[in-house]
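# Observations on chain architecture
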Amino acid sequence: MTAADPRPLTGEPIALDLLNTRWAVDGEPLDLFAGAAGLTRMQGLAVWLESTGLAGRFRADAATLVHLLTAREALARAVADPADESARALIDAVLEHGRIRATLTAEGPGERAEFADPAWGPAWTAARDYLDLLRSAPERIRTCASETCVLRFFDVSRNGTRRWCSMAACGNRAKASRHYARTRER
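In short, a report on the structure. (Residues numbered from 1 in each chain as written. Predicted model: local features only at pLDDT ≥ 70, side-chain atom pairs only at ≥ 80, totals over all residues. Heavy atoms only, no water.)

Turning our eyes to something else, we now look at the overall build of the protein. Scanning the protein for helices and strands turns up six helices and six strands. Secondary structure elements in the protein, listed N-terminal to C-terminal, are α-β-β-α-α-α-β-β-α-β-β-α. Within the protein, buried positions represent 41% of all 186 residues. Within the protein, contacts between residues separated by at least 24 positions form 47% of all contacts whose residues are at least 6 apart in sequence. (Helix = DSSP H or I, 4+ residues; strand = E, 2+ residues; numbered from the N terminus. Buried < 20%, exposed > 50% of the residue type's maximum accessible area, 1.4 Å probe, protein only. Contact = heavy atoms within 4.5 Å.)

Here it is as structure tokens:
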């Protein structure tokens, strides 16, 4: 049985979910792959694979973790600065480890990812997901508006104005802070 996921934001597209394996609580940085919430590195990897639906396809082993950390760094740099040529090169280097094979299934045309080394599968999947986000709506890849939050999300709101990783957490704290400031002024 896999441990509970301790992260404050889950369920984002895989590329952003990988970035959200690093977060902060009360200004203290936490990392799912470096012992957050008392988990070992491999337990953190198993939790992430389970939460993204990749657990049945890929193993939680040291090679997979190393490749995921490589992809996470590449994605972090690319999301922070889309014009960073070296970040794009790192994403491309991760993508070199897999490919899409066209298939014909009982349901019709399909695609299947293939990897020379399956340990690259989760990292490649996250990098490929980032390309899909860039194709669909790159302006909707966002960082939480809270100054103390480092989480990323894909804004799926109708009007595209979501500002917070979570209204229940960061959004509520911002509203409470503004309210407190207004009442102190009176």
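That shown, we press on.
Further remarks concern the state of the cysteines. Tallied over the full model, the rule gives zero disulfides. As a non-bridged cysteine, Cys149 has Cys165 as the owner of its nearest cysteine sulfur, 3.8 Å distant. You can see Cys165 has no disulfide; the closest cysteine sulfur is in Cys170, sitting 3.7 Å from it. (Disulfide = S-S within 2.5 Å.)

With that settled, the discussion passes to the nonpolar core. Leu18, Phe33, Trp48, Leu75, Ile91, Tyr130 and Cys165 are the most contacted members of the largest nonpolar core, which totals 47 residues. In terms of residue count, helix H3 (residues 62-80) provides more of this core than any other element does, eight residues in total. The contact partners of Cys165, leaving out residues within four places of it in the chain, are Leu9, Cys144, Cys149, Leu151, Phe153 and Cys170. (Core = buried A, V, L, I, M, F, W, Y, C linked by side-chain atoms within 4.5 Å.)

All right, on to the packing of aromatic side chains then. With the rule as written, the count across this model stands at three aromatic pairs. Centre to centre, the rings of Phe33 and Trp48 are 6.4 Å apart; their planes meet at 80°, and the pair counts as edge-to-face. Separated by 15 residues along the polypeptide, Phe33 in the loop between strand E2 (28-31) and helix H2 (41-51) and Trp48 in helix H2 bring together distant segments of the chain. For the pair Phe33 and Trp48, one class covers both residues: buried. Among the aromatic residues, those joined into a ring-pair cluster are Phe58, Phe115 and Trp124. The ring of Phe153 carries Arg162 above its face, with NZ or CZ at 4.0 Å from the centroid. (Phe/Tyr/Trp six-rings, centres within 6.5 Å; stacked < 30°, edge-to-face > 60°. Lys NZ or Arg CZ within 6 Å of the ring centre and 35° of its normal.)

Looking now at the packing of helix H4 (residues 85-95) against helix H5 (residues 121-136). Closest axis-to-axis distance for the H4/H5 pair is 8 Å, and the angle between their directions is 125°. As the angle between them shows, H4 and H5 are arranged oblique. H5 is crossed by H4, and the crossing has left-handed handedness. Between H4 and H5, the residues in contact are Ile91, Val94 and Leu95 and Ala123, Trp124, Ala127, Arg128, Tyr130 and Leu131, respectively. (Axes fitted to C-alpha atoms, helices over the stretch in contact; angles between N-to-C directions. Parallel < 35°, antiparallel > 145°, perpendicular 65-115°, else oblique. Left-handed = near helix turned anticlockwise from the far one by under 90°.)

As a working rule, side chains carrying opposite charge can pair if their charged atoms are close by. Going through the model one piece at a time under the given rule, you end up with 13 salt bridges. For Arg99, the salt bridge goes to Glu114, with nearest N and O atoms at 2.8 Å. Of this pair, Arg99 sits in strand E3 (residues 98-105) while Glu114 sits in strand E4 (residues 108-115); the two residues are 15 residues apart in sequence, bridging distant segments of the chain. One salt bridge in this structure joins Glu114 and Arg101, with 2.5 Å as the shortest N-O distance. Placement of the pair is Glu114 in strand E4 and Arg101 in strand E3, with a sequence separation of 13 residues. Residue Arg101 is classed as partly exposed on the basis of its relative accessible area of 34%. Taken together, the shared-partner salt bridges in this structure form one network comprising Arg99, Arg101, Arg112 and Glu114. (Salt bridge = Lys/Arg side-chain N within 4 Å of Asp/Glu carboxyl O.)

In terms of strand pairing, E3 meets E4 through eight bridges, oriented antiparallel. Note on E4: the bridge partner recorded for Gly98 is Phe115. (Pairing = 2+ DSSP bridges.)

What follows is about the side chain of Thr52. Topologically, Thr52 is positioned in the loop between H2 and H3. With relative accessibility at 16%, the residue Thr52 sits in the buried group. Of the polar contacts made by the side chain of Thr52, one reaches the backbone oxygen of Leu49; its length is 3.2 Å. Beyond its immediate sequence surroundings of up to four residues, Thr52 is in contact with Ile14 and Asp17. (Polar contact = N/O pair within 3.5 Å; in protein donor to acceptor, adjacent residues only side chain to side chain.)

Worth remembering: the numbers are spatial, not functional.
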